[in-house]
Structure formats: structure tokens, C-alpha cells
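Tertiary structure, described
The chain contents come next:
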Amino acid sequence: MSGGPSVAERVTDLVRALRTHGVRIGTGESVDAARAVAELGLDSREHLREGLAAALLHDRGQRAVFDPVFDLYFPRGVGAPDGPDAPFDRDALRDRLAEALAANDRAALAALAAEAVEGLGGYGSAPGSDGHSAHQTLDRLRPQTLLARIMAGSGASGAFTDRIAADEVRARIEDFRELVRAEARRRVAERRGTDAIARRMAVRTADRADFLYAGKAQLAELRRAVHPLARKLATRLAARRRRAARGRIDLRRTLRGSLSTGGVPMRPVLRRRRPARPELVLLCDVSGSVAGFANFTMLLVQALHDQFSKVRVFAFVNRTDEVTALIEQGTADPDGLAARITAEATLTGWHGSSDYGTALGEFVERYAAAVGPRTTVFVLGDARNNQQATNLDALRRVTRVARRTYWLNPEPRSLWDTGDSAAGVYGEVAAMYECRNARQLSALVGRLLPV
């Protein structure tokens, strides 16, 4: 770090940047950070990261803000990787990336991220241009397309084992994508100034983390955020209900009453409404990576139970079973909810892969009475049916009886109808919405639920 800001200046700038992102840091924490640097030195960057985090942060949720800002002020290196210029070989880089992802070699992945940004992310030559783009790098490298190659060489066997292994590889790919973003930010910061980038950068807090790629720590953070989020949503829903209860203007009665005031409607007459609290049914795919999405939504709805007259929750993989009682117990132990559902509910038949057609059929056959004219139904899942029959008739029967039926899909819209996805087919029967993170989920719940 010679020739740049001193360590004290870096710590001061780090604190200032964290404050701009809402992290409350007082003088005492700043002094503790300086002492941590003095004790730990600069020999180990990761030890320094943990020491500063312990000194400056108040809870684990702030790590999503701290880590990318720390990477800007205490980068792995400065400038492009050393070495002679040579023609860039994208295919060779993808081969090495596949090997590093399969081995989960973090050091190799960090080096490959720097190499990818250098070789694929550069643009512009005018003074003041950003110089490197994470989006351009990832668009040209396309690491997500390496999943099939890695799985083919993994030796996994069995549908359930394959699903778990694929989820693990997807998480590694997302970690690599984040390494690319961090490297691109660092290079941009070198050209435009670290402080400017630190202030403008979009930090990936837990509520913005994709359900499909969230790690155990992020999912645990989301579960801890259920009750604060539920309180905000309950306040929003209660306000909507109060506005709806006032009713709309009754034009005929208002005009009739205005005759006594010369035709001026001084006292508008409202059609009074007495909205009943809706009934809610959740039908949740709890297989593979979508399980984190389903479990979080179940806990959120349970925390909102006072906003509904009745809540019933059903889980499925290729069999459907009611888990309402398990969700009620899950509020006391949210981390163990998934294991409890897997252990106590009958969710699979002769195979362990998702089968939406069979699951929907069993729901209609066994639990049709759960849906009525006051019921809002939410189907939660990625609609990946493993080439099985879609059984649209079962979904149509639900939509005909229910007041509203919505499908929340945690996959990006760009992946719908790719591979074994039947999103487009199901979307013709039930309105389907992209719901990739907790922020989108809270917005959709607040907007779609009836008053």
C-alpha cells in the first residue's frame, strides 16, 4: 500500500463510508478500530477484516455493508495482475473456472475474478472513464452456464443428491460473481476515487439477496428479519384496510343531499364498507434451493397471522401435506423449520424430484375444502417440473374457486421456460410474479393481498 493513503487515513475513510450507508459508528468504535489495526498489523488481510468488523459493527446483518466497503479501502492488490501481455483466452479461463468451482478453491476463484475483469471487463480509454465493468465481464464469461459441466464431472447420483449438489455449485457461482463485482469496483475506484465509489455503491443487504443463491448465513439473517418485516407489513395492511373501510363516494345520495345547499356537495356521502379479513392458503415447493424462499415466506405469513381470518399452509415436493401446525411451532425455532417439515410431513413418493402436476392434483383431491370464495391462494415455487405432466386442470380448479390465485417464482424472469421450467404454462392460469428476494416479497405481499 506504499505510495497511497496511510493506514490511519484508510481507516478514517472506511468509517466515513460506512456511516454514509447507515452504519452507526461513534468515536469509541473508531478508536477501537485504530487499536485493532495497531495490534493486528497488515500481515493478514482477513485477520484485519475480522478485527475491524468486530470493532465497528453492532450486529451480523451489517456485514453485508461492511465487506464490500472494506474491499475498496483495503484491496487485495493495486493495478492489474503482473505479467507479460498475452492474447486473452476466454475458453481457457472458463476451463480453469470450472475446475476451481468444482474444487471450491477460494484462492483460485479470487485470482480468476481479477483475471476475468482485466481480460473481459475493460472498456473506454478517455480520461475519467470507468474502465472496467462487472456486468460486461459476467456477460462475456457466463459462469452460470458451467453448472452442467461441473455436475457431469461431480459423480453425483440420484435425483435428490443431484439437486443438493447443483444448489451448492449455484452458490459457489454466485460467490464468484460477487468476487468479480468487488474486483471491478476496486479498479473503478482506482480511476475515479475510492470515496466516490464507496458512497455510490449498491450494497447487497440480506433483504436484497436472491433466495436461490443465499447462503446459510444470509438465510439465517432473513429469518431473524421476519418479525420486524412483519410489523411493517402489518402496519401497511392495516392502513389499507382503514382506507377501504371508509368506502367510496355514493354519487346519487351525495347529489340528493346537495339540494339543500344549492347543489353544492358540502357533505359527501360514502358507501360504507365492512371488509372482512381474507383467508390465506400457501402451497409451497420445499425442494432444493427454493426451500429457503418457501420457508421464509411461511414464517413471514405466520408472523402476519393477525391480518387474516384463517391461514393454512401446505408443502410439497411431489406429494402434498398440510404443515400449518408445524409453521406455528416454527416461530419459536425458525432455523429448524425446514428439518421439521422434512421429518414430519409426507412430501415425496417413489422419487425425490419436484412434480408440480402430481402435487397440485393431490392438493385438489385431499384439501379442496381449504379454498373458498374468500380465499387468496399463493403458490410458491420455480415451476421446474422435471418434464412431468403439468396437470393444469388442478390449478384451474383452484383458481375458479379462490378469490385470487397468485404464483410467486424465485427465479429470474429470464430463466422462465428454459430447461424443465413450465412457468409460462402455469402463468397462463395463475398470475405469476418474479419474487427473488425479501424486498420483492414484502412489496408483493403488501400489494397483492386483498383488503
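What comes next is a walk through the structure. Note that the coordinates shown come from a computational prediction; the quantities given were computed from them, not determined experimentally.

**Comments concerning the overall build of the chain**
Broken down by element type, the chain carries 20 helices and six strands. Contacts in the chain between residues far apart in sequence, at least 24 positions, make up 73% of those at least 6 positions apart. Surface exposure of the chain reaches about 22800 Å², of which carbon and sulfur atoms provide 50%.

**Points about empty space enclosed by the protein**
The tally for this structure, following the rule as stated, stands at two cavities of 30 Å³ or more. Within this model, the largest cavity holds a volume of roughly 60 Å³. Around the largest cavity, the lining residues are L280, L282, T297, V301, F308, F378, L380, L408, V445 and L449. Mapped by element, the contributors of at least two residues to the lining of the largest cavity are strand 1 (279–285), helix 14 (290–303) and strand 4 (375–380). Its residues placed into classes, the lining of the largest cavity shows nine nonpolar, one polar and no charged. Taken as a whole, the second largest cavity holds about 40 Å³ of empty space.

**Overview of the packing of aromatic side chains**
Throughout the structure, instances matching the rule amount to 12 aromatic pairs. Aromatic ring contacts, followed pair by pair, group F316, Y356, W407 and Y426 into a single cluster.

**Looking at unusual backbone geometry**
Of note, the phi angle at N386 is positive, near 55 degrees, even though the residue is not glycine. Residue placement: N386 occurs in the loop between strand 4 and helix 18 (392–401). Phi is positive for Q387, which is not a glycine, with a value near 60 degrees. One can find Q387 in the loop between strand 4 and helix 18.

**Focus on the pairing of strand 2 (residues 310–316)**
The element strand 2 is largely enclosed, with a buried count of five among its seven residues. Two elements, strand 1 and strand 2, share seven bridges in a ladder whose sense is parallel. The residue of strand 2 that forms the bridge with L280 is V311. Connecting strand 2 to the antiparallel partner strand 3 (residues 320–322) that follows it, the hairpin turn spans three residues.

**Observations concerning the nonpolar core**
Ranked by size, the top nonpolar core spans 45 residues in total, and within it M298, I341, F378 and L408 carry the most contacts. When residues of this core are assigned to their parent elements, the largest contribution, seven residues, is made by helix 14. Beyond its immediate sequence surroundings of up to four residues, F378 is in contact with L280, V281, L282, L283, Y406, L408, L448 and L449. Core analysis: the second largest hydrophobic core is formed by 27 residues, V377, V398, W416 and A423 among them.

**Digging into the pairing of strand 5 (residues 404–409)**
For strand 5, the tally of buried residues reaches five of six residues, placing the bulk of the element in the interior. Between the parallel elements strand 4 and strand 5, the chain passes through helix 18 in a crossover that is right-handed. Strand direction decides the pairing type here: strand 5 and strand 6 (residues 431–434), joined by four bridges, are parallel. Paired with N409 across the strands is E434, a residue of strand 6.

**Details of the pattern of salt bridges**
A full pass over the atoms with the stated rule returns 17 salt bridges. Between R181 and E178 there is a salt bridge, with the nearest N and O atoms lying 3.1 Å from each other. Within this pair, R181 and its partner E178 are both found in helix 9 (residues 159–192), separated by three residues, close to a single helical turn. Judged by its relative accessible area of 18%, R181 falls in the buried class. Salt-bridge contacts for R312 lead to E322; the nearest nitrogen and oxygen are separated by 2.8 Å. Placement of R312 in strand 2 and of E322 in strand 3 is noted, with a sequence separation of 10 residues between them.

**Concerning helix 17 (residues 356–367)**
For helix 17, built from 12 residues, the straight-helix expectation of 16 Å at 1.5 Å per residue is met to within 8% by its first-to-last C-alpha distance of 15 Å. In terms of burial, helix 17 is largely enclosed, as nine of its 12 residues are buried. Looking at the packing, one finds that the buried side of helix 17 touches strand 1, strand 2, strand 3, helix 18, strand 5 and helix 19 (423–427).

Cut-offs and rules
Residues numbered from 1 in each chain as written. Predicted model: local features only at pLDDT ≥ 70, side-chain atom pairs only at ≥ 80, totals over all residues. Heavy atoms only, no water. Helix = DSSP H or I, 4+ residues; strand = E, 2+ residues; numbered from the N terminus. Contact = heavy atoms within 4.5 Å. Areas by Shrake-Rupley, 256 points an atom, 1.4 Å probe, with all protein chains shown as cover. 1 Å grid on protein atoms, 1.4 Å probe; cavity = no way out; pocket = protein on both sides within 12 Å on 5 of 7 lines; lining within 4 Å. Points joined across faces, edges and corners; volume = space filled by probe spheres on them. Nonpolar A, V, L, I, M, F, W, Y, C, P; charged D, E, K, R; others polar. Phe/Tyr/Trp six-rings, centres within 6.5 Å; stacked < 30°, edge-to-face > 60°. Buried < 20%, exposed > 50% of the residue type's maximum accessible area, 1.4 Å probe, protein only. Pairing = 2+ DSSP bridges. Core = buried A, V, L, I, M, F, W, Y, C linked by side-chain atoms within 4.5 Å. Right-handed = clockwise from strand over helix to strand, strands pointing away. Salt bridge = Lys/Arg side-chain N within 4 Å of Asp/Glu carboxyl O. Expected span 1.5 Å × (residues − 1).

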